[in-house]
Amino acid sequence: MKSAIAQLSALEILDSRSNPTLMVTLTLADGRSVCAAVPSGASTGQHEAVELRDGDPARYCGKGVRRAIEHVEGDIAAGLAGRSVEDQAAIDRRLIELDGTANKARLGGNAILGVSMAVARARALVEGKPLYAAFGKSDPTLLPMPCFNVLNGGKHADSSLDFQEFMLVPVGAPTYREALRMGAQTYAALRGVLHARGLSTAVGDEGGFAPRLQSNEDACDTLVSAIEQAGFRPGVDIAIALDPAASSFHTPAGYDLSRSGTGMVDRAQLLDLYEDWIGRWPIVSIEDGFDENDWQGFVDQTAAQGGRIQIVGDDLLVTNTRFIAKAIACKAANAALIKLNQIGTVTETIEAVDLCRRAGWRQMVSHRSGETTDPFIADFVVAMGCGQLKSGAPCRGERLAKYNRLLEIEVQLGTRARFANPFAA
Ligand SMILES: C=C(OP(=O)(O)O)C(=O)O
Ligand SMILES: [Mg+2]
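Residues numbered from 1 in each chain as written. Chains lettered and ligands numbered in written order. Predicted model: local features only at pLDDT ≥ 70, side-chain atom pairs only at ≥ 80, totals over all residues. Heavy atoms only, no water.

A. Summary view of the pattern of salt bridges. Applying the stated criterion across every chain, the model contains 28 salt bridges. For Arg-53, the salt bridge is made with Glu-51, and the minimal N-O distance between the two is 3.0 Å. Given a relative accessible area of 17%, Arg-53 falls into the buried group. For Glu-275, the salt bridge is made with Arg-308, and the minimal N-O distance between the two is 2.8 Å. One end of the pair, Glu-275, is in helix H6 (residues 267–280); the other, Arg-308, is in the loop between helix H7 (295–305) and strand E12 (310–313), with 33 residues separating them in the sequence. For Glu-275, a relative accessible area of 30% translates into the label partly exposed. On the accessibility criterion, Arg-308 (48% relative accessible area) is partly exposed. (Salt bridge = Lys/Arg side-chain N within 4 Å of Asp/Glu carboxyl O. Buried < 20%, exposed > 50% of the residue type's maximum accessible area, 1.4 Å probe, protein only. Helix = DSSP H or I, 4+ residues; strand = E, 2+ residues; numbered from the N terminus.)

B. Main features of the coordination of the magnesium ion (ligand 2). Each protein donor to the magnesium ion (ligand 2) is listed here as Asp-243 (OD), Glu-287 (OE) and Asp-314 (OD); together their distances run 2.0 to 2.2 Å. Along the chain, the residues that donate to the magnesium ion (ligand 2) are spaced as D-x43-E-x26-D. Taken as a pair, Asp-243 in strand E7 (residues 239–243) and Glu-287 in strand E11 (residues 283–287) lie far apart in primary sequence, 44 residues in all. Its relative accessible area of 0% is what places Asp-243 among the buried residues. Look at Glu-287 and you get buried, because its relative accessible area is 1%. (Donors = N, O, S within 2.8 Å, 3.2 Å for Na, K, Ca; no water.)

C. Molecular detail of the domain arrangement of the protein chain. We note that the domain assignment places domain 1 (5–128) and domain 2 (142–419) within the protein chain. Distance from the C-alpha centre of domain 1 to the C-alpha centre of domain 2: 27 Å. Across the contact, 33 residues belong to domain 1 and 29 residues belong to domain 2. Summed over both sides, the interface of domain 1 with domain 2 buries roughly 2,500 Å², with 51% coming from carbon and sulfur. On the domain 1 side of the contact with domain 2, Ser-16, Ser-43 and His-47 bury the most area, a combined 23% of that side's loss. Here domain 1 is connected to domain 2 by four salt bridges. In this structure, Glu-348 and Lys-104 form a salt bridge, with 3.0 Å as the shortest nitrogen-oxygen distance. Put simply, domain 1 and domain 2 have 21 residue pairs in polar contact (both at pLDDT 80 or more) between them. Of all elements in the fold, only strand E3 (33–37), helix H2 (88–99) and helix H3 (109–127) reach the threshold of two or more residues within the side of domain 1 that touches domain 2. (Domains from an automatic or database assignment. Contact = heavy atoms within 4.5 Å. Buried area = accessible area lost by both parts, 1.4 Å probe. Polar contact = N/O pair within 3.5 Å; in protein donor to acceptor, adjacent residues only side chain to side chain.)

Pasting the structure below:
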């Protein structure tokens, strides 16, 4: 059987933060092979699949993945030998069974995901299709709206910003290619705006600038200046999306915005702050506006603002159908961030997307702050028709690998390629 798994191996490579991660190689019975590399987050949700790390301080940053590699080459290879890559769901079920824990702690979410992604790629190879066309979904022709994180704060940069991500969303673009061009032009204009103010144009983990701005508010004003300088209309051509990643500044005493000079605020004050911001800037989406355990904050925000903007759960939902179902029931968001390594298999990620869709929720596929040059999520977002992707700034190879892969897909799709503003009324 040509589609049978003959061998699984893994290599310890470095991610974009110079931390070790794994690249899995799957060899089929006919000798052909595929690879898949696993990303890694910094502002991780408490309930994410466990990323298995060795904890040996002598290796790199003290966080090697040798044990995860041993699991790929040992238990997982033995458990999957001879199985056909054509049934992704059956393989992913087997991986979950082999692990035997609720959060993939034994074999490691990183080991399991690397294999699961490699299986998807191997299936595409066997079927002779591009990856985006090999997930069995009908009409994989929708290119995503790219959300460019051009100002980095929080755990991703040594800037003055409490909020982690300030994103440009080219809502007025007619095609994906144009959206990428608009993002790149505004990113260049932003560099000029910062430079003219004597601020640093060094970049953070996701390729966005990490300047010492006066406040979080200054960041939004600066984005608007850059949009205008690039010749675009704020809110019409390019809107703004935020990921405060509030778990990272939540303390037992409240939400600590002191890095930017705002000071401590409580849940109600933070909600008021978002309300004020929505009135002042063309904001279309706020992700993780509250701490991952502050469900009330999310419920309050969805009730107050969910009719006007997208409320995205990331740390809150961790791409897990259990948390997404709870959030749908209690109206704690109206969209989910989709990260494959939060849940750990391709099949469970697809289930998370499908659940969102059935509830009328939007889905934004996401990279991690620690990335590799594997463009898997670019194919995945098209395959699933999610319509939104965030992959950092249009800068740094590991971010561009995804944006550039989408250009290739757009060309391959030709006249069948579709592109739409997910935030249109
Ligand atoms: C991409 C993100 O960051 P990380 O990968 O560090 O979780 C995020 O919080 O949305
Ligand atoms: Mg987030």
